[in-house]
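# Secondary and tertiary structure notes
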Amino acid sequence: MQPIYDYALHLLASLVLLAAFVGVYLRITPFKEIALIRQGNMAAALSLGGAVFGLCFTLSASIQHNDAFPIFLFWAVGAMVVQILVYAALSRALPDMDSAIESNNVGMGALMGSMSVAVGALNAACLS
């Protein structure tokens, strides 16, 4: 029964953390990703999707490498901070990034998403 409990606990916690991250991410970006995505804005979808994947890589690695649930939570919160810092760093390095994503510059959205995925993969690898 313990493996089922652990599975359910980690899955539920991961989904709650993912939802919390998306909520925070949507609040810190100056544009409305969901509205843009509903309008077919691929740049916004790539940017948000990359941030989600980047976080999920680290959540997955944390589950795989940590037996203790509190340590999993610690690294999950750390991963959220890292993904937000990636957005902050890129928005500083590319001052026109936000307007480019709003105007559906797919290249900029792909760059944002790719950087989020890359940092998430590196972050996940550091948890070994």
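The structure under discussion appears in the preceding block.
So, a few notes on the structure that sits alongside this text. (Residues numbered from 1 in each chain as written. Predicted model: local features only at pLDDT ≥ 70, side-chain atom pairs only at ≥ 80, totals over all residues. Heavy atoms only, no water.)

### Remarks on the packing of aromatic side chains
Counted by the stated rule, this structure contains four aromatic pairs. Ring geometry for Tyr-25 and Tyr-87: centres 5.7 Å apart, planes at 70°, overall edge-to-face. Taken together, the residues span a long stretch of sequence, with Tyr-25 in helix 1 (residues 2-28) and Tyr-87 in helix 4 (residues 69-93) at a distance of 62 residues. Residue Tyr-25 is classed as buried on the basis of its relative accessible area, which comes to 1%. Look at Tyr-87 and you get buried, because its relative accessible area is 6%. Between Phe-74 and Trp-75, the ring centres sit 5.0 Å apart and the planes meet at 75°, which makes this aromatic pair edge-to-face. (Phe/Tyr/Trp six-rings, centres within 6.5 Å; stacked < 30°, edge-to-face > 60°. Helix = DSSP H or I, 4+ residues; strand = E, 2+ residues; numbered from the N terminus. Buried < 20%, exposed > 50% of the residue type's maximum accessible area, 1.4 Å probe, protein only.)

### Examining the environment of Ile-28
By secondary structure assignment, the location of Ile-28 is in helix 1. Classification of Ile-28 by relative accessible area gives partly exposed; the value is 37%. With 60 residues separating them in the primary sequence, Ile-28 and Ala-88 have C-alpha atoms 9.2 Å apart.

### Regarding the packing of helix 4 against helix 6 (residues 106-125)
Interhelical geometry of helix 4 versus helix 6 gives an angle of 145° and a closest axis separation of 10 Å. For the element pair helix 4 and helix 6, the recorded crossing hand is right-handed. Residues Ala-79, Val-82, Gln-83, Val-86, Tyr-87 and Leu-90 of helix 4 form the contact with helix 6, whose participating residues are Met-112, Met-115, Ser-116, Val-119, Gly-120 and Asn-123. Residues that form the contact of helix 4 with helix 6 fall into these classes: eight nonpolar, four polar and no charged. (Axes fitted to C-alpha atoms, helices over the stretch in contact; angles between N-to-C directions. Left-handed = near helix turned anticlockwise from the far one by under 90°. Contact = heavy atoms within 4.5 Å. Nonpolar A, V, L, I, M, F, W, Y, C, P; charged D, E, K, R; others polar.)

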